[in-house]
Amino acid sequence: MTTPLAALLDTLLPGDADWPAAGTLEGVVEQVAADAAPAPLLAALPAGFATADAESREAALRALEAAEPAAFERLVVAAYLAYYTHDPVRAVLERLTGYAAHPPQPLGYELPPFDESLLETQRKRAPFWRDA
Amino acid sequence: MIVGAGASGAAAALVLAEAGLRVVCLEQGGWLDQRAAPSLEAGWERALQTTFHINPNIRRLPSDYPVVEADTPIHPALYTGVGGSTLRWGAHFPRMRPADFRARTLDGVGEDWPLAYQDLEPFYDRVDEITGVAGLHGDPANPPRQAARQRPLPLGPGPTRLAAAFDRLGWHWWPSDAAVLTEARAADQRSACNLCGPCGVGCPLHARASADTAWWPRALAAGAELRTHARVLRIERGRVLYMRGAELRAQPARAIVLAASGLGTPRLLLASGLGGWATGRHLMHHPTAVITGLFEESLDGHKGPFACALYSQEFIEDDPARGFRRGYQMQALRGGGPVQTALGGYMARLPWGRGHHAAFKATFGHSVSLTVTAEDPPDAENRVTLDAAVTDSDGLPAPRLSYRLDANARTMLDHGIARATEALREAGATRVMVNPLVAAAGFHFLGTTRMGADPRSSVVDDACRVHDAPEVVVVDGGVFVTAGAVNPTPTIQAIALRAATLLAARLKGGTA
């Protein structure tokens with residue numbers, strides 16, 4: 001059975017042909033629960049939220065966001081943080097964008113070296129700083 | 001005795017220790033092991049929201065102190081520990097320009113400094129040599145540099161488009177001076193940058209300079225002593241009182257060098273009843289707008305140091321015809337990681353719900369930004385005071401920020417937003433987004449212990465000695481008289497080297 005928090009996360013970050021829904025990912029519900037302490041928000045959800053259709057859930061969350069903007073923002077930040085650091089999501093990201101699903105270090109990245117010919121126009125300019 | 005082990009404290013420690021003086025530095029934080037930086041872990045972006053969050057009120061590490069920020073639109077962005085805020089910085093490393101020290105004489109606004117660019121030039125050069133600076137000589141917007149440069153950082157696709165756009169518009173641009181090694185320094189155990197991107201969570205290669213990796217090893221080798229987790233509570237004549245753990249200690253000193261930032265130093269002076277009327281006043285930030293362009297093509301924005309690519313100083317010199325006085329710098333920012341992209345970076349957070357994935361796809365890897373960094377005028381009513389209610393974990397009152405954005409700065413930012421938008425459109429951006437005043441841009445605290453000859457309107461003299469306590473020397477950004485429009489760390493360190501050199505001469509000559 002879908003829990004209210006999982007349904008909420010599925011509404012914030014729904015699944016589609018490429019991306020998994022946030023509430024279905026292992027550990028994401030628990031991570032958001034730990035980071036955002038969402039119990040008061042969950043208590044304010046309408047009855048039947050977890051089994052409602054997507055449009056109704058989204059409308060309920062818009063109302064909740066308007067009523068409790070600060071707490072709702074903390075929840076969204078926690079959801080994005082848990083989602084985009086999750087391995088299966090990073091794998092999707094790599095497949096769709098080429099952004100490697102490994103941390104920035106120790107491999108780093110490569111770019112072509114600075115091309116000094118780009119400065120041809122600027123090098124023709126006379127100094128314009130003021131001496132003082 | 002030095003208070004604070006950040007950029008300025010490390011520079012002062014090196015000079016004083018090299019002079020053969022006994023140096024003890026007290027630092028409220030500890031050492032950060034950058035060899036184990038979060039960028040080595042899959043969940044590295046979590047650090048930016050937690051242990052490396054830029055705001056100490058959110059980060060709340062044991063070494064942090066609270067900052068009361070209810071009365072300012074620009075919120076604190078700083079870090080504590082050996083290295084100070086250089087642990088968390090982007091390493092953009094420009095110098096102020098000669099005219100920045102003579103704003104009153106040249107432009108009839110602001111104030112003149114009691115020293116000139118030429119007074120600092122040899123110290124700037126030593127700062128560059130110790131730090132290791134990537135860049136290129138020949139910038140027509142700046143005086144020639146004597147210090148060597150390593151080869152510039154690569155631009156990457158986004159900044160390359162911006163460079164071409166600046167050329168077509170007939171505007172200045174130049175590759176950034178960056179405190180980032182592009183060539184290894186084996187003697188310093190520092191490797192060359194591998195373009196990983198997030199300098200702000202520490203650099204496991206020690207390529208990005210920070211005071212703990214580029215300066216403290218030299219200062220310690222020269223004989224300086226560094227005591228971590230030591231929080232200073234009060235400055236008294238000839239000694240400081242500090243907490244180490246639960247123990248209150250007193251450290252006698254012939255001279256006391258304050259290097260706790262333009263936020264922490266006025267806090268200590270106010271708590272100690274020193275400095276006079278101007279202490280904490282004339283707070284200057286660098287009010288910042290960020291303008292982000294979205295492009296159809298991928299720009300590989302995650303590759304390369306996020307804050308260091310290129311800058312434009314086309315609008316940095318004074319021109320009253322523009323409708324404001326003094327000027328601003330534009331600086332390119334590369335893109336961020338996935339979490340930062342979803343959270344908006346300096347822009348609004350991406351929408352949640354059914355439109356989220358499409359918005360993310362259009363943004364991630366497709367953006368490049370320009371900052372507009374405005375010169376902030378000195379205003380005595382913008383200030384740091386001691387809060388009456390909030391204290392840190394040792395009972396010292398928290399600093400309280402009271403700040404209003406100046407009308408001239410607002411006009412300047414708006415001019416810069418229009419020009420940056422023009423540049424991004426010229427570069428091919430299909431959509432441009434604007435943050436007209438970055439709330440999280442309180443990273444430069446300047447002017448709160450400013451230099452001057454008159455004790456009624458300044459806190460320190462031209463040798464950085466506190467007027468009413470000349471054995472106390474301030475070497476951080478608080479001594480700035482005007483802010484300029486560029487990142488201040490090279491200037492802060494040059495001032496620290498100069499002030500420490502003068503102090504060493506006085507101490508050795510028995511005149512301090």
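What you see is a predicted model; the values in this text were computed from it and never measured. (Residues numbered from 1 in each chain as written. Chains lettered and ligands numbered in written order. Predicted model: local features only at pLDDT ≥ 70, side-chain atom pairs only at ≥ 80, totals over all residues.)

**Comments concerning the overall build of chain A**
- Scanning chain A from N- to C-terminus turns up seven helices and zero strands.
- Order of helices (α) and strands (β) in chain A, N terminus to C terminus: α-α-α-α-α-α-α.
- Relative to its length of 132 residues, chain A is extended, with a C-alpha radius of gyration of 23 Å against a globular reference of 14 Å.
- Counting only C-alpha atoms, chain A reaches 70 × 40 × 25 Å along its principal axes.
- Residues counted as buried form 30% of the 132 residues belonging to chain A.
- Long-range contacts, defined as pairs at least 24 residues apart, comprise 59% of the intrachain contacts of chain A with a sequence gap of at least 6. (Helix = DSSP H or I, 4+ residues; strand = E, 2+ residues; numbered from the N terminus. Rg over C-alpha atoms; globule rule 2.2 N^0.38 Å. Buried ≥ 20, exposed ≤ 12 C-beta atoms within 10 Å, placed from the backbone. Contact = placed C-beta atoms within 7 Å.)

**Examining the environment of Glu68 of chain A**
Residue and element names in this part refer to chain A.
- Within the secondary structure, Glu68 is located in the loop between α4 (54–67) and α5 (69–84).
- The partly exposed category is assigned to Glu68, around which 15 C-beta atoms lie within 10 Å.
- Sequence separation of Glu68 and Thr11 is 57 residues, and the distance between their C-alpha atoms is 17 Å.
- In contact with Glu68, other than residues within four places in its own chain, are Leu41 and Ala44.

**Description of the nonpolar core**
- Membership of the largest hydrophobic core comes to 158 residues, with the highest contact counts inside it found for Val3, Ala12, Ala13, Val180, Val257, Val475 and Ala500 of chain B.
- Ranked by size, the runner-up nonpolar core spans 35 residues in total, among them Leu5, Leu25 and Val76 of chain A together with Leu350 of chain B. (Core = buried A, V, L, I, M, F, W, Y, C linked by C-beta atoms within 7 Å.)

**Comments concerning the interface of chain A and chain B**
- Tallying the contact residues gives 40 residues for chain A and 57 residues for chain B.
- Top contributing element to the side of chain A that touches chain B by residue count: α5 of chain A, with five residues.
- Taken together, the residues that form the side of chain A that touches chain B break down as 25 nonpolar, seven polar and eight charged. (Nonpolar A, V, L, I, M, F, W, Y, C, P; charged D, E, K, R; others polar.)

**Some thoughts on the sheet that holds strand β16 (residues 431–435) of chain B**
Residue and element names in this part refer to chain B.
- Within the open sheet, the six strands sit side by side as β4-β11-β12-β13-β10-β16. Their pairing is antiparallel. Lying at the two open borders of the sheet, with one neighbouring strand each, are β4 (174–175) and β16.
- Bridge analysis of strand β10 (residues 288–294) against β16 gives five bridges, and the strand direction is antiparallel. Along β16, the bridge assignment pairs Thr292 with Met433.
- The sheet contacts of helix α11 (residues 407–427) involve β10, β12 (328–333), β13 (367–374) and β16, and relative to β13 the element is tilted by about 155°. (Pairing = 2+ DSSP bridges. Axes fitted to C-alpha atoms, helices over the stretch in contact; angles between N-to-C directions.)

**Quick notes on helix α2 (residues 28–36) of chain A**
Residues and elements named next belong to chain A.
- Every buried residue of α2 is accounted for by Val28, Val29, Val32 and Ala36. Angularly, the buried residues of α2 cover 100° about the axis, an arc narrow enough to put them on a single face. Of the exposed residues in α2, the ones pointing more than 90 degrees away from its buried face are Glu30 and Ala34.
- Against α1 (4–12) and α5 lie the buried residues of α2. (Arc of directions from axis to C-beta.)

**What about the sheet that holds strand β14 (residues 383–391) of chain B?**
Residues and elements named next belong to chain B.
- With mixed pairing, the three strands of this open sheet are ordered in space as β3-β15-β14. Whereas interior strands pair on both sides, the edge strands pair on one side only; in this sheet they are β3 (68–71) and β14. Averaged over all pairs of adjacent strands, the angle between strand axes in this sheet comes to 40°, irrespective of strand direction.

**Digging into the pairing of strand β6 (residues 230–236) of chain B**
Residues and elements named next belong to chain B.
- Looking at chain direction, β6 and strand β7 (residues 239–244) are connected through six bridges and run antiparallel. Pairing of Arg234 across the sheet is with Leu241, part of β7.
- Connecting β6 to the antiparallel partner β7 that follows it, the hairpin turn spans two residues, and Gly238 within it adopts a positive phi of roughly 85°.

**Focus: the pairing of strand β8 (residues 247–252) of chain B**
Residues and elements named next belong to chain B.
- Of all six residues in β8, zero are buried, a share of ten percent or less.
- Pairing geometry for β7 and β8, over six bridges, is antiparallel. Bridge pairing links Val240 to Gln251 in β8.
- Connecting β7 to the next strand, β8, in antiparallel fashion are two residues, including Gly245 with a positive phi near 65°.

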